[in-house]
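Close look at the chain arrangement
Here is how the chains run, residue by residue.
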Amino acid sequence: MSKGGFMKDALILFAITLVAGACLGGAYEITKGPIEAAELAAKEEAFRTVLADADSFKLDDYSAALDKANADAAGLGFGNVQVDECATGTDASGSAMGYVVTATSGDGYGGNITVSVGVTADGEVKGIEFLTLAETAGLGMNADTPEWKGQFAGKTVESFSVTKSGASADNEIDAISGATITSNAVTGAVNAVLYFVNSCVNQ
(Lines give C-alpha, C1' and ligand atoms only; values in the text may rest on other atoms or scores of the structure.)
Protein backbone atom coordinates (compact mmCIF):
# COMPACT_ATOMS: atom_id res chain seq x y z
CA MET A 1 0.00 0.00 0.00
CA SER A 2 1.29 3.45 -0.85
CA LYS A 3 1.92 6.06 1.80
CA GLY A 4 -0.92 8.16 0.37
CA GLY A 5 -3.34 5.24 0.52
CA PHE A 6 -2.35 4.49 4.11
CA MET A 7 -2.94 8.11 5.17
CA LYS A 8 -6.30 8.15 3.41
CA ASP A 9 -7.43 4.99 5.24
CA ALA A 10 -6.20 6.40 8.55
CA LEU A 11 -8.13 9.64 8.02
CA ILE A 12 -11.30 7.71 7.12
CA LEU A 13 -10.95 5.55 10.24
CA PHE A 14 -10.36 8.64 12.35
CA ALA A 15 -13.47 10.32 10.92
CA ILE A 16 -15.60 7.21 11.57
CA THR A 17 -14.32 7.02 15.15
CA LEU A 18 -15.01 10.71 15.70
CA VAL A 19 -18.57 10.45 14.38
CA ALA A 20 -19.25 7.29 16.38
CA GLY A 21 -17.93 8.93 19.55
CA ALA A 22 -20.10 11.98 18.98
CA CYS A 23 -23.16 9.78 18.43
CA LEU A 24 -22.48 7.77 21.60
CA GLY A 25 -21.95 10.97 23.58
CA GLY A 26 -25.20 12.39 22.26
CA ALA A 27 -27.08 9.20 23.05
CA TYR A 28 -25.68 9.24 26.59
CA GLU A 29 -26.77 12.83 27.15
CA ILE A 30 -30.26 12.04 25.81
CA THR A 31 -30.71 8.96 28.02
CA LYS A 32 -28.88 10.28 31.10
CA GLY A 33 -31.85 12.28 32.39
CA PRO A 34 -34.48 9.51 32.06
CA ILE A 35 -32.11 6.95 33.61
CA GLU A 36 -31.43 9.20 36.61
CA ALA A 37 -35.15 9.89 36.97
CA ALA A 38 -35.95 6.16 36.92
CA GLU A 39 -33.23 5.44 39.50
CA LEU A 40 -34.53 8.22 41.74
CA ALA A 41 -38.10 6.90 41.46
CA ALA A 42 -36.96 3.38 42.36
CA LYS A 43 -34.96 4.73 45.29
CA GLU A 44 -37.91 6.78 46.55
CA GLU A 45 -40.12 3.68 46.37
CA ALA A 46 -37.62 1.90 48.63
CA PHE A 47 -37.56 4.94 50.93
CA ARG A 48 -41.34 4.80 51.28
CA THR A 49 -41.18 1.11 52.22
CA VAL A 50 -39.07 1.82 55.30
CA LEU A 51 -40.38 5.29 56.21
CA ALA A 52 -43.97 5.23 55.04
CA ASP A 53 -45.08 8.20 57.15
CA ALA A 54 -42.85 10.65 55.28
CA ASP A 55 -44.51 12.99 52.81
CA SER A 56 -41.38 13.42 50.68
CA PHE A 57 -37.63 12.81 50.72
CA LYS A 58 -34.57 14.89 50.01
CA LEU A 59 -30.91 13.97 49.73
CA ASP A 60 -29.17 16.50 51.96
CA ASP A 61 -25.41 16.82 52.39
CA TYR A 62 -24.53 14.54 55.29
CA SER A 63 -20.90 14.09 54.24
CA ALA A 64 -19.43 15.31 57.55
CA ALA A 65 -21.77 13.10 59.60
CA LEU A 66 -21.07 10.12 57.33
CA ASP A 67 -17.32 10.62 57.69
CA LYS A 68 -17.63 10.77 61.48
CA ALA A 69 -19.84 7.69 61.69
CA ASN A 70 -17.56 5.64 59.48
CA ALA A 71 -14.45 6.75 61.37
CA ASP A 72 -16.05 5.83 64.70
CA ALA A 73 -17.67 2.59 63.55
CA ALA A 74 -14.40 0.67 63.42
CA GLY A 75 -14.15 0.74 67.21
CA LEU A 76 -17.80 0.13 68.05
CA GLY A 77 -18.11 -3.59 67.30
CA PHE A 78 -20.39 -3.28 64.27
CA GLY A 79 -18.06 -5.31 62.07
CA ASN A 80 -16.88 -4.33 58.60
CA VAL A 81 -19.63 -1.75 58.02
CA GLN A 82 -19.89 1.52 56.14
CA VAL A 83 -22.77 4.01 56.22
CA ASP A 84 -23.28 4.99 52.58
CA GLU A 85 -26.04 7.55 52.25
CA CYS A 86 -28.80 9.38 54.09
CA ALA A 87 -32.04 10.91 52.86
CA THR A 88 -34.22 13.13 55.03
CA GLY A 89 -37.89 12.24 55.24
CA THR A 90 -40.10 15.31 55.62
CA ASP A 91 -43.70 15.80 56.67
CA ALA A 92 -46.31 17.81 54.75
CA SER A 93 -44.93 21.07 56.19
CA GLY A 94 -41.40 20.26 55.03
CA SER A 95 -40.06 19.56 58.52
CA ALA A 96 -37.72 16.61 59.05
CA MET A 97 -39.53 13.66 60.62
CA GLY A 98 -37.00 10.91 60.00
CA TYR A 99 -34.24 9.49 57.87
CA VAL A 100 -33.64 6.67 55.42
CA VAL A 101 -30.04 5.56 55.84
CA THR A 102 -28.24 3.02 53.68
CA ALA A 103 -25.36 0.97 55.09
CA THR A 104 -23.25 -1.88 53.73
CA SER A 105 -21.75 -4.74 55.72
CA GLY A 106 -18.81 -6.63 54.25
CA ASP A 107 -19.35 -9.48 56.72
CA GLY A 108 -22.07 -11.36 54.84
CA TYR A 109 -21.57 -15.06 54.14
CA GLY A 110 -22.17 -14.54 50.41
CA GLY A 111 -20.68 -11.06 50.02
CA ASN A 112 -21.68 -7.51 50.81
CA ILE A 113 -25.08 -6.87 52.36
CA THR A 114 -26.60 -3.44 51.74
CA VAL A 115 -29.64 -2.41 53.72
CA SER A 116 -31.80 0.71 53.89
CA VAL A 117 -33.17 1.55 57.32
CA GLY A 118 -35.99 3.97 58.12
CA VAL A 119 -35.46 5.77 61.43
CA THR A 120 -37.65 8.50 62.91
CA ALA A 121 -36.16 11.70 64.29
CA ASP A 122 -36.48 10.27 67.81
CA GLY A 123 -34.61 7.08 66.93
CA GLU A 124 -37.40 4.56 66.30
CA VAL A 125 -36.65 2.01 63.60
CA LYS A 126 -39.62 1.90 61.22
CA GLY A 127 -38.34 -0.84 58.92
CA ILE A 128 -35.47 -2.26 56.91
CA GLU A 129 -35.16 -3.30 53.25
CA PHE A 130 -32.30 -5.00 51.43
CA LEU A 131 -30.70 -3.43 48.38
CA THR A 132 -28.05 -6.16 48.13
CA LEU A 133 -28.40 -9.65 49.60
CA ALA A 134 -26.71 -12.73 48.13
CA GLU A 135 -26.73 -15.20 51.00
CA THR A 136 -27.34 -18.95 50.92
CA ALA A 137 -30.82 -19.92 49.70
CA GLY A 138 -32.95 -21.35 52.51
CA LEU A 139 -30.55 -20.04 55.15
CA GLY A 140 -29.13 -16.50 54.99
CA MET A 141 -31.66 -15.44 52.35
CA ASN A 142 -34.33 -15.89 55.03
CA ALA A 143 -33.17 -12.49 56.28
CA ASP A 144 -35.39 -11.03 53.56
CA THR A 145 -38.58 -12.50 55.01
CA PRO A 146 -41.11 -10.10 56.58
CA GLU A 147 -40.97 -12.08 59.81
CA TRP A 148 -37.22 -11.66 60.29
CA LYS A 149 -36.97 -8.06 59.04
CA GLY A 150 -39.97 -7.15 61.17
CA GLN A 151 -38.01 -7.80 64.36
CA PHE A 152 -36.31 -4.42 63.97
CA ALA A 153 -39.47 -2.38 63.36
CA GLY A 154 -41.08 -0.34 66.11
CA LYS A 155 -38.00 -0.47 68.35
CA THR A 156 -36.25 2.53 69.89
CA VAL A 157 -32.91 1.21 71.14
CA GLU A 158 -29.29 2.31 71.12
CA SER A 159 -28.24 -0.89 69.34
CA PHE A 160 -29.38 -4.44 68.66
CA SER A 161 -27.76 -7.74 69.57
CA VAL A 162 -28.25 -11.19 68.04
CA THR A 163 -29.40 -14.06 70.23
CA LYS A 164 -29.78 -17.77 69.55
CA SER A 165 -31.95 -18.41 72.59
CA GLY A 166 -35.04 -16.40 71.69
CA ALA A 167 -35.41 -12.63 71.85
CA SER A 168 -36.70 -11.48 75.24
CA ALA A 169 -35.93 -7.75 75.02
CA ASP A 170 -36.49 -4.98 72.48
CA ASN A 171 -32.80 -4.85 71.62
CA GLU A 172 -32.53 -8.59 70.87
CA ILE A 173 -32.85 -10.09 67.39
CA ASP A 174 -33.43 -13.82 66.90
CA ALA A 175 -30.66 -15.29 64.77
CA ILE A 176 -31.70 -16.97 61.53
CA SER A 177 -31.40 -20.72 62.01
CA GLY A 178 -28.13 -21.86 60.44
CA ALA A 179 -27.19 -18.31 59.39
CA THR A 180 -25.70 -16.53 62.38
CA ILE A 181 -23.11 -14.84 60.12
CA THR A 182 -25.87 -13.22 58.06
CA SER A 183 -27.81 -12.27 61.19
CA ASN A 184 -24.77 -10.55 62.69
CA ALA A 185 -23.88 -8.78 59.45
CA VAL A 186 -27.36 -7.31 59.01
CA THR A 187 -27.61 -6.34 62.66
CA GLY A 188 -24.19 -4.69 62.50
CA ALA A 189 -25.32 -2.59 59.53
CA VAL A 190 -28.52 -1.54 61.34
CA ASN A 191 -26.50 -0.66 64.44
CA ALA A 192 -24.19 1.53 62.34
CA VAL A 193 -27.27 3.33 61.01
CA LEU A 194 -28.57 3.92 64.55
CA TYR A 195 -25.20 5.27 65.64
CA PHE A 196 -25.14 7.58 62.62
CA VAL A 197 -28.61 8.97 63.36
CA ASN A 198 -28.30 9.21 67.15
CA SER A 199 -24.70 10.37 67.46
CA CYS A 200 -23.82 12.07 64.19
CA VAL A 201 -27.09 13.66 63.00
CA ASN A 202 -29.19 14.19 66.15
CA GLN A 203 -26.50 15.82 68.25
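Residues numbered from 1 in each chain as written. Predicted model: local features only at pLDDT ≥ 70, side-chain atom pairs only at ≥ 80, totals over all residues. Heavy atoms only, no water.

What follows deals with the pattern of salt bridges. Across all of its chains, the model carries 4 salt bridges by this definition. Among the ionic pairs, Lys68 bridges to Asp72, the shortest N-O distance being 2.7 Å. Of this pair, Lys68 and Asp72 both sit in helix H2 (residues 63-73), 4 residues apart, which is roughly one turn of that helix. Linking Asp144 and Lys149 is a salt bridge whose minimum nitrogen-to-oxygen distance equals 3.1 Å. (Salt bridge = Lys/Arg side-chain N within 4 Å of Asp/Glu carboxyl O. Helix = DSSP H or I, 4+ residues; strand = E, 2+ residues; numbered from the N terminus.)

Further remarks concern the confidence of the model for the protein chain. The pLDDT averaged across the protein chain works out to 89; a share of 87% of its residues lies at or above 70. Of all helices and strands in the protein chain, the one with the weakest mean pLDDT is helix H1 (residues 3-50) (71), whereas strand E7 (residues 172-174) scores best (98). (pLDDT = per-residue confidence, 0-100.)

Along the chain, the position of Thr102 falls in strand E3 (residues 96-105). When its relative accessible area of 6% is taken as the criterion, Thr102 is described as buried. Within the structure, Thr102 has its side chain in polar contact with the side chain of Ser116 (distance 2.9 Å). In this structure, Thr102 is in contact with Val83, Asp84, Glu85, Thr114, Val115, Ser116 and Leu131, ignoring residues within four places of it in sequence. (Buried < 20%, exposed > 50% of the residue type's maximum accessible area, 1.4 Å probe, protein only. Polar contact = N/O pair within 3.5 Å; in protein donor to acceptor, adjacent residues only side chain to side chain. Contact = heavy atoms within 4.5 Å.)

Before going further, it helps to examine the side chain of Ser105. Looking at where Ser105 falls in the secondary structure, it is placed in strand E3. Separated by 3.1 Å, the side chain of Ser105 and the backbone nitrogen of Asp107 make a polar contact.

Attention shifts here to the sheet that holds E3. Strands sit in the order E1-E2-E3-E4-E5 across an open sheet of 5 strands; the sheet is antiparallel. Lying at the two open borders of the sheet, with one neighbouring strand each, are strand E1 (56-58) and strand E5 (125-132). Shown here is a sheet whose adjacent strand axes are inclined to one another by a mean of 25°, direction ignored. Pairing of strand E4 (residues 113-120) with E5, which is carried by 6 bridges, proceeds in the antiparallel orientation. The partner of Val117 across the bridge, within E5, is Ile128. (Pairing = 2+ DSSP bridges. Axes fitted to C-alpha atoms, helices over the stretch in contact; angles between N-to-C directions.)

Our focus in this paragraph is the packing of aromatic side chains. On inspection of all chains with the given rule, the structure shows 6 aromatic pairs. Each member of the aromatic cluster is reached from another via a ring pair, and the members are Tyr62, Tyr99 and Phe196. (Phe/Tyr/Trp six-rings, centres within 6.5 Å; stacked < 30°, edge-to-face > 60°.)

Now for helix H4 (residues 180-201). The first and last C-alpha atoms of H4 sit 30 Å apart over 22 residues, in line with the 32 Å expected at 1.5 Å per residue. Counted residue by residue, H4 has 16 buried out of 22 residues, so it is predominantly covered. (Expected span 1.5 Å × (residues − 1).)

This brings us to the nonpolar core. One finds Ile128, Phe152 and Phe196 to be the most contacted residues of the largest nonpolar core, which totals 39 residues. Among the elements of the structure, H2, strand E2 (81-90), E3, E4, E5 and H4 are those that each provide at least two residues to this core. In terms of residue count, the dominant contributor to this core is H4 (11 residues). Residues in contact with Ile128, not counting those within four places in the same chain, are Val50, Val115, Ser116, Val117, Lys149, Phe152, Val186 and Val190. Membership of the second largest hydrophobic core comes to 8 residues, among which are Phe47, Leu51, Ala54 and Phe57. (Core = buried A, V, L, I, M, F, W, Y, C linked by side-chain atoms within 4.5 Å.)

Here we come to H2. Every α-helical turn comprises 3.6 residues, leaving residues that sit three or four positions apart pointing alike. Taken together, the buried positions of H2 are Ala65, Leu66, Ala69 and Ala73. Mapping the buried residues of H2 onto a view down its axis gives an arc of 100°, with all of them on the same face. Residues of H2 that are exposed and point more than 90 degrees away from the buried face comprise Ala64, Asp67 and Ala71. Considering only its buried residues, H2 is in contact with E2 and H4. (Arc of directions from axis to C-beta.)

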